[in-house]
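# Breakdown of the fold
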Amino acid sequence: MLPDPPAGSVLEIWLAGAAAQPMRRVTAVEAVAGLGLAGDRYALGGGTWAQYPDLEKQVTLIDRADVAAVAAETSSDLTAGDTRRNVVTTGIDLPALVGQWFTVGDALLFGMKRCPPCTHLERLTGVRLVKAMVHRGGINAAVFAGGPIAQGDVVRRVSEAEAARRGAPTGAGRPVPRVV
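Thresholds applied
Counting of residues starts from 1 at the beginning of each chain's written sequence and follows it residue by residue. Whole-chain, interface and lining totals are the exception, using all residues; otherwise, since this is a predicted model, local features are given only for residues with pLDDT of at least 70 and side-chain atom pairs are given and counted only at 80 or more. For the side-chain quantities, the full set of heavy atoms in the structure was used; hydrogens and water were omitted. Pairing of aromatic rings covers Phe, Tyr and Trp, the last through its six-membered ring, and needs centres within 6.5 Å; plane angles under 30 degrees mean stacked, over 60 mean edge-to-face, and all others mean tilted. Runs of E in the DSSP output that reach at least two residues are strands. Runs of H or I that reach at least four are helices, and both are numbered from the N terminus. Three labels apply to residues, based on accessible area from a 1.4 Å probe with only protein chains included: buried if under 20% of the type maximum, exposed if over 50%, partly exposed otherwise in between. Cavities and pockets are defined on a 1 Å grid built over the protein atoms alone: a cavity is a set of grid points where a 1.4 Å probe fits but cannot escape, while a pocket is an open set with protein on both sides within 12 Å along at least five of seven lines, and lining residues are those with an atom within 4 Å of any such point. Grid points are joined across faces, edges and corners, and a volume is the space filled by probe spheres set on the points. Think of a polar contact as two N or O atoms within 3.5 Å of one another; within protein, one of them needs to be a possible hydrogen donor and the other a possible acceptor, and neighboring residues in sequence only count if both atoms come from side chains. Residue contacts follow a heavy-atom distance rule, with two residues in contact if any of their heavy atoms lie within 4.5 Å. The reported arc concerns the directions from the helix axis to the C-beta atoms and nothing else.

Using the criterion set out here, one finds two aromatic pairs in the structure. Ring centres of Trp101 and Phe110 lie 4.8 Å apart, and the angle between their planes is 65 degrees; on these two criteria the pair is classed as edge-to-face. Ring centres of Trp101 and Phe144 lie 5.0 Å apart, and the angle between their planes is 80 degrees; this geometry places the pair in the edge-to-face category. With Trp101 in strand 7 (residues 101–104) and Phe144 in strand 9 (residues 139–145), the pair connects residues that are 43 residues apart, well separated along the chain. Judged by relative accessible area, Trp101 falls into the buried class, the value being 1%.

The backbone of Ala20 shows a phi angle near 65 degrees, a positive value even though the residue is not glycine. Turning to its location among the elements, Ala20 is positioned in the loop between strand 1 (7–15) and strand 2 (24–26). Here the phi dihedral of Arg84 falls at roughly 65 degrees; this positive angle occurs in a residue that is not glycine. Here Arg84 shows up in the loop between helix 1 (64–73) and strand 6 (87–90).

Using a probe with the size of a water molecule, rolled over the atoms, empty space left in the structure can be pinpointed. Counted under the stated rule, the structure contains one cavity of 30 Å³ or more. Looking at the largest cavity, its volume works out to about 40 Å³. For the largest cavity, the full set of lining residues is Asp63, Asp66, Leu94, Pro95, Arg114, His135, Arg136, Gly137 and Gly138.

Here we take up the side chain of Thr60. Relative to the elements of secondary structure, Thr60 occurs in strand 5 (residues 59–63). By relative accessible area, which is 10% here, Thr60 ends up buried. Polar side-chain contacts of Thr60 include one of 2.9 Å to the backbone nitrogen of Asn86. Those residues in contact with Thr60 that lie beyond four places of it in its chain are Arg84, Arg85, Asn86, Val87, Cys115, Ile139 and Asn140.

Further remarks concern helix 1. Restricting attention to buried positions, one finds in helix 1 the residues Val67, Val70 and Ala71. Buried residues in helix 1, looked at end-on, bunch into an arc of 100 degrees, giving them a common side. The elements touched by buried residues of helix 1 are strand 5 and helix 3 (130–133). The N-cap residue of helix 1 is Asp63: its side-chain oxygen and the backbone nitrogen of Ala65 are 2.8 Å apart. Two residues or fewer past helix 1, Ser75 is found with a positive phi of approximately 50 degrees.

A word on the environment of Arg85. Examined against the element boundaries, Arg85 turns out to sit in the loop between helix 1 and strand 6. Taking C-alpha positions, Arg85 is 9.0 Å from Asn140, a pair spaced 55 residues apart along the chain. With residues near it in sequence (within four places) discarded, Arg85 still touches Trp14, Met23, Thr60, Leu61, Ile62, Ala80, Cys115, Pro116, Pro117, Leu121, Met133 and Gly137. Here Cys115 takes part through its backbone oxygen, which lies 3.1 Å from a polar atom of the side chain of Arg85. In this structure the side chain of Arg85 is engaged in a polar contact, spanning 2.8 Å, whose partner is the backbone oxygen of Gly137.

And the structure:
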């Protein structure tokens, strides 16, 4: 039997009610299947990238160490909230979750694609961070089974079988990740 894959944890949760609105930190949030995080711009139908496929914009995750590395490389005081990503993690390889099922707290997510930085983010932060964030932008994920997510919750990859038991689509209905 193979060992369980490593697990990480949630350090911070960030939401914005509308496109370009400042992010606000919360200690817990409800992940809503098919929408994203309750109260966040994309779950509310807005957001700068709202025209992109629904599965690609529901939740964004970024690693704390990547935020720190970008801040150091850009000689800025960039914070996790400045990156406009929803969930800040530690202890798990986020890019390895693209194309995989994983849980964050009680919610079941699927890693849809890497989340590259954009010039819109540069305009909002005033930091020239696109180059520094190219491989440190985190990932986009879709919510397939909702549930609460809170600071300190475990982030872990789950098997196809476990995801199916939780109601995830299988076969031709399984989501397809996108390489960017």
